[in-house]
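# Descriptive structure summary
So you can see what is in the structure, the chains are spelled out below.
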Amino acid sequence: MVSRRSWSKRLAWANAVAMGLVLLLGATVTATGSGFGCGESWPLCHGRLLPPLTAEGIIEYSHRLATLVSGLVLVALLALTIVERRELFARWETRIVAGLLVGTLLLQSALGAAAVLAPRHPLVMAVHFGVSLTVFASALLLALVLTRGESLRARRRFHVPAGVVRASWGLLIGTYAVVYLGAYVRHTHASLACLDWPLCQGRLIPDLAGPTGVVFLHRLSALVLTLGLVGLVVRLWRDRVLRRERPDLVWSGLVALGLLLAQSVTGAWVVWSRLSLASVLGHAAVVTLLFGTLAVLAYQSLPERALMERAARAPVAGVSVSQ
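What comes next concerns the included structure. What you see is a predicted model, and the numbers here were worked out from it, not measured in a lab. (Residues numbered from 1 in each chain as written. Predicted model: local features only at pLDDT ≥ 70, side-chain atom pairs only at ≥ 80, totals over all residues. Heavy atoms only, no water.)

## What to know about the overall build of the protein chain
Applied cut-off: Helix and strand assignments come from DSSP, with helices taken as H or I runs of at least 4 residues and strands as E runs of at least 2, each series counted from the N terminus. Contacts between residues were defined by any pair of non-hydrogen atoms, one from each residue, lying within 4.5 Å. For every accessible area listed, the method is Shrake-Rupley and the probe measures 1.4 Å; residues are considered covered only by the protein chains on display.
Summing up its helical and strand segments, the protein chain has eleven helices and zero strands in all. Element order for the protein chain, N to C, with α for helix and β for strand: α-α-α-α-α-α-α-α-α-α-α. Considering only contacts within the protein chain whose residues lie at least 6 apart along the sequence, 74% involve residues at least 24 apart. For the protein chain, the computed accessible surface area is about 16100 Å², with 70% contributed by carbon and sulfur atoms.

Now the structure itself:
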């Protein structure tokens, strides 16, 4: 018989997968133009519980249903964790990640409703996608904390240079900005403002007016992000002590770099295929995994709380913390 604690671990990973599927279904809604498949009613579909038997209605309704199911899975997960693993839920990491997940999921639902009940402004739709990424990253972190919390805490007791911490969080924030730009490009229907890749209209630097300028800015920011991640991975790999004591950081960096390169390939595929559904969904799937991996990397770079508190007391108590 499976124990309730084992069920909480399974629910944690099921919740992360469900949040990822919700995001991909949302991308499918956008790519197929099914945003009004249920008309202007929410949460019902054309004022009814069941959708009409049209492709747009089924796609939009599936997205809403997946959001509801993932929310119920999250409620079950949090209730079971509080009952069975109170000592783990009492820790600040768990409470912060769970709070972030609940808050962003509610915000995601509100933005989805606003997209139906109000004019579909590109800025709102871009933020909706960005919030969806945060929901997935929070679900992934919660699953890791609930299933591998002790091993993560043990590794984080080893001091990580401040430069690595800053770079990890900077890359996470920078990725969010790049993703937001990409979502804005998609929702303003500017994805094909540059009909070639990696050049734009056959030029290294195209005319920066209008949609072409936004697309070029998105590509340029992605290049800067790639260079920054390469620099961090090289820094981690060249540090023998970090490679020995914190292999989790090195592997997360390498996986993130691989996903970022795959993201560039799928971005080129979007252009070359002229927005084929497979390319758009592949692009969204890779960026979802990339953002989740960078969120894990940023979390792994943080020192364990006891070490943070000891560092905070050091100037007063005269205690030095190893650098």
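## Details of a nonpolar patch on the surface
Formally: For patch building, the residue pool is restricted to those with more than 30% relative accessible area and no salt bridge; the joining distance is 9 Å between like charges and 5 Å between nonpolar side chains (Val, Leu, Ile, Met, Phe, Trp, Tyr). A side-chain nitrogen of Lys or Arg and a carboxyl oxygen of Asp or Glu constitute a salt bridge if their distance falls within 4 Å.
The grouping of Leu65, Leu68, Val69 and Leu72 at the surface amounts to a nonpolar patch, some 370 Å² of accessible area in total. Topologically, Leu65 is positioned in helix H2 (residues 55–84).

## Side note on the side chain of His63
So the rule is basically this: Throughout this description, buried means an accessible area under 20% of the type-specific maximum (1.4 Å probe, protein chains only), exposed means over 50%, and partly exposed covers the range between. Any pair of nitrogen or oxygen atoms within 3.5 Å is treated as a polar contact; in protein, a donor-acceptor pairing is required on top of that, and neighbouring residues in sequence qualify only through side-chain atoms on both sides.
You can see His63 is positioned in helix H2. Owing to a relative accessible area of 14%, His63 belongs among the buried residues under this scheme. There is a polar contact of 3.5 Å between the side chain of His63 and the backbone oxygen of Val22. The residues touching His63, leaving out its near neighbours within four places in the chain, are Val22, Leu25, Gly26 and Val29.

## Some thoughts on helix H9 (residues 247–272)
What counts here: One fewer than the residue count of a helix, multiplied by 1.5 Å, yields its expected span.
Between its first and last C-alpha atoms H9 spans 38 Å; for 26 residues at 1.5 Å apiece the expected length is 38 Å, and the two agree. Following H9 by one or two positions, Arg274 adopts a phi angle in the positive range, close to 60°.

## Description of helix H10 (residues 277–301)
Taking 1.5 Å as the rise per residue, H10 with 25 residues should run 36 Å; its terminal C-alpha atoms sit 36 Å apart, in good agreement. Burial analysis of H10 places 19 of its 25 residues in the buried class, the great majority of the element.

## Here we look at the environment of Ala110
Relative to the helices and strands, Ala110 resides in helix H4 (residues 92–117). Between the C-alpha atoms of Ala110 and His128, which are 18 residues apart in sequence, the distance is 9.1 Å.

## Considering the state of the cysteines
We count it as follows: Disulfide: a pair of cysteine sulfur atoms within 2.5 Å of each other.
Within this structure, the stated rule accounts for one disulfide. Each sulfur in the disulfide pair Cys194 and Cys200 lies 1.8 Å from the other. On the sign convention where negative is left-handed, the bridge of Cys194 and Cys200, at about -70° about the S-S bond, is left-handed. Of the two residues, Cys194 and Cys200, neither departs from the other in class, the shared state being buried.

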